[in-house]
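# Fold and contact review
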Amino acid sequence: RLHLEPRDVSVENVVNQVLDDLRSQAERKGLALSADCEGEVIHADPKRLQQVLYNLIGNAIKFTDSGSIMVGVRLIEDAAVFVVEDTGCGIPAEHIERIFERFHQVDNSSTRSYGGFGLGLAIANEIVSAHGGRLWATSIPNKGSRFFFTLPQGKAVTAMAA
C-alpha cells in the first residue's frame, strides 16, 4: 500500500520543479517544454505528485523526437485535471489500455529501443488511484499522446492573483 502525506501544494511550483529537472534532457533533443497551471493550489502528496509528473513528462521526452511537451492543470468542479501532451511517436489503439499494467510495453522495434521495464505508468496509476483519482491516455500513432489524470479536491482552493 502506498502511504500518502497530502497537504495543500502549489501545482505551479511542483510542475516547474519537475520541468526544471527534466529541461536539459528535453533541450538535448531540441524539445520545447511548457506549462499552463498558474495559481492552482491542490490537496495532494507533493512527493507522489512529483513522481507521477516525472514519469509522464519523462516518458514524453523519451518518446518524442521533435516538437513539444505541454503540461496543463485546471481545477474543474471538485477535481484537479492534469494533462501531459506530447508530439511523440504515439501509442497504437490496441495497447492504450494495457500500458498501465506492470511490465507491459508496446513491443515493436521503435519503442523497445527506448528501454525501461514497463513499471512507470503502473506506479503512476497506483499513486493517482491512491489519491482517489484516475489516469488515462489518448493517442494517435505518429502524432503524439495525451496523458490525463485527476485528483479529487475536497480541500482545493484557487490562489488569488495579487
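What comes next is a walk through the structure. (Residues numbered from 1 in each chain as written. Predicted model: local features only at pLDDT ≥ 70, side-chain atom pairs only at ≥ 80, totals over all residues. Heavy atoms only, no water.)

### Observations concerning the overall build of the chain
Along the backbone of the chain there are four helices and eight strands. Relative to its full complement of 162 residues, the chain shows a buried share of 41%. Partitioning the intrachain contacts of the chain with sequence separation of at least 6 by distance along the chain shows that 69% fall at a separation of at least 24. Total accessible area computed for the chain in this model is approximately 8800 Å², and 50% of it derives from carbon and sulfur atoms. (Helix = DSSP H or I, 4+ residues; strand = E, 2+ residues; numbered from the N terminus. Buried < 20%, exposed > 50% of the residue type's maximum accessible area, 1.4 Å probe, protein only. Contact = heavy atoms within 4.5 Å. Areas by Shrake-Rupley, 256 points an atom, 1.4 Å probe, with all protein chains shown as cover.)

### Focus on the side chain of E40
For E40, the position within the fold is in strand β3 (residues 40-44). In this structure E40 comes out as buried when scored by relative accessible area, which is 8%. Apart from residues no more than four positions distant in its own chain, E40 is found in contact with V9, S10, V11, E12, V73, R74 and L75.

### Here's the deal with helix α1 (residues 11-28)
An α-helix turns once every 3.6 residues. As a result, residues three or four positions apart point the same way. Taking 1.5 Å of rise per residue, the 18 residues of α1 would be expected to cover 26 Å, and the 26 Å separating its terminal C-alpha atoms lies within 8% of that figure. Approximately 50° is the largest bend angle found in α1, and it occurs at L22. Turning to α1, its buried residues are V11, V14, V15, V18, L19, L22 and A26. Contacts made by the buried residues of α1 are with β1 (7-10), β2 (32-36), β3, α2 (46-62), β4 (68-76) and β5 (79-86). (Expected span 1.5 Å × (residues − 1). Bend = angle between axes of the 7 residues up to and from the residue.)

### Brief notes about helix α4 (residues 120-130)
Considered for burial, the residues of α4 that qualify are L121, A122, A124, I127 and V128. Tucked inside the fold, the buried residues of α4 contact α2, β6 (134-140) and β7 (144-152). Within two residues after α4, G132 carries a phi angle of roughly 90°, on the positive side.

### A few points about the packing of aromatic side chains
What describes a pair of aromatic rings is the distance from one ring centre to the other and the angle between the planes of the rings. Here the structure, examined in full by the defined rule, presents three aromatic pairs. For the pair F100 and F147, a centre-to-centre distance of 6.3 Å together with 80° between the ring planes defines the contact as edge-to-face. You can see F100 sitting in the loop between β5 and α3 (109-112) and its partner F147 sitting in strand β7, a full 47 residues away along the chain. By relative accessible area, F100 is classed as buried at 12%. Here the aromatic rings of W136 and F148 are separated by 5.3 Å at their centres, their planes lie at 15°, and the arrangement is stacked. Here W136, found in strand β6, pairs with F148, found in strand β7; they are twelve residues apart in sequence, far enough to count as distant. Classification of W136 as partly exposed rests on a relative accessible area of 24%. It is R134 that lies over the ring of W136; its NZ or CZ is 4.2 Å from the centre. (Phe/Tyr/Trp six-rings, centres within 6.5 Å; stacked < 30°, edge-to-face > 60°. Lys NZ or Arg CZ within 6 Å of the ring centre and 35° of its normal.)

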